[in-house]
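# Chains, contacts and geometry: an overview
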Amino acid sequence: IKAVLFATERFAQLALQVTAKLCRDETVLIQGAAGGLGGYAIQIARSLGAGVIIGAASTASKREAALATGADHTVDYTKPDWGEQIRDLTNGRG
């Protein structure tokens with residue numbers, strides 16, 4: 001199990017640092033924020049100095065879990081207006 005957890009954490013780190021090139025004070029949207037990978041991504045984004053972390057999840061309990069893990073805000077991606085919620089949270093930047 002230890003190897004699986006390490007691989008998941010490493011994947012989240014690579015996704016944020018190498019692929020997304022997350023910089024300090026940037027806003028990041030994490031899809032599936034309540035899952036194992038999403039939870040690691042929230043924690044890693046915080047450690048990299050993300051300004052605002054938005055977690056996307058489908059249920060209230062999952063959104064609560066994302067907040068408990070460190071997300072600043074959450075959105076329900078099953079709602080038709082979730083894109084508008086992102087724009088509101090990012091002052092129109094999306």
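Residues numbered from 1 in each chain as written. Predicted model: local features only at pLDDT ≥ 70, side-chain atom pairs only at ≥ 80, totals over all residues. Heavy atoms only, no water.

## A closer look at the side chain of Thr90
- With respect to the helices and strands, the residue Thr90 is situated in the segment after helix 4 (82-89).
- A relative accessible area of 2% means that Thr90 is categorised as buried.
- The residues contacting Thr90, other than those within four sequence positions of it, are Thr27 and Ile54. (Helix = DSSP H or I, 4+ residues; strand = E, 2+ residues; numbered from the N terminus. Buried < 20%, exposed > 50% of the residue type's maximum accessible area, 1.4 Å probe, protein only. Contact = heavy atoms within 4.5 Å.)

## Digging into helix 2 (residues 36-47)
- With 12 residues, helix 2 extends 17 Å from end C-alpha to end C-alpha; this agrees with the ideal 16 Å at 1.5 Å per step.
- Burial in helix 2 covers these residues: Gly38, Gly39, Ala41, Ile42, Ile44 and Ala45.
- Within two residues after helix 2, Gly49 carries a phi angle of roughly 90°, on the positive side. (Expected span 1.5 Å × (residues − 1).)

## Let's talk about the sheet that holds strand 3 (residues 73-76)
- Reading across from one edge, 1-2-3 is the order of the 3 strands in this open sheet, with parallel pairing throughout. With one partner strand each, in any of the chains shown, strand 1 (27-31) and strand 3 form the two edges of the open sheet. The mean inter-strand angle of the sheet, taken between neighbouring strand axes irrespective of direction, is 25°.
- Note: strand 2 (residues 52-57) against strand 3, 4 bridges, orientation parallel. When the sheet's bridge partners are listed, Ala56 is paired in strand 3 with Val75.
- Packing against the sheet, helix 3 (residues 60-69) makes contact with strand 2 and strand 3, and its axis sits at approximately 160° to strand 3.
- Against the sheet, helix 4 contacts strand 1, strand 2 and strand 3, and its axis sits at roughly 160° relative to strand 3. (Pairing = 2+ DSSP bridges. Axes fitted to C-alpha atoms, helices over the stretch in contact; angles between N-to-C directions.)

## Observations regarding the environment of Ile86
- Relative to the helices and strands, Ile86 is located in helix 4.
- Residue classification places Ile86 among the buried residues on the basis of a relative accessible area of 9%.
- Those residues in contact with Ile86 that lie beyond four places of it in its chain are Leu29, Ile54, Val75 and Gly94.

## With respect to the pattern of salt bridges
- Scanning the entire structure with this criterion turns up 3 salt bridges.
- The partner of Arg46 in a salt bridge is Asp72, with the nearest N and O atoms 3.0 Å apart. Residue Arg46 is located in helix 2, and its partner Asp72 is located in the loop between helix 3 and strand 3; the two are separated by 26 residues in the primary sequence.
- Given the relative accessible area of 35%, Arg46 is considered partly exposed.
- Residue Glu84 pairs with Arg87 through a salt bridge whose shortest N-O separation is 3.3 Å. You can see Glu84 and its partner Arg87 sitting in helix 4, 3 residues apart, about one turn around the helix. (Salt bridge = Lys/Arg side-chain N within 4 Å of Asp/Glu carboxyl O.)

## Description of the side chain of Asp76
- Topologically, Asp76 is positioned in strand 3.
- Within the structure, Asp76 has its side chain in polar contact with the side chain of Arg63 (distance 3.4 Å).
- Sequence-distant contacts of Asp76, defined by excluding residues within four places in its chain, comprise Ala57, Ser58, Arg63, Trp82 and Gln85. (Polar contact = N/O pair within 3.5 Å; in protein donor to acceptor, adjacent residues only side chain to side chain.)

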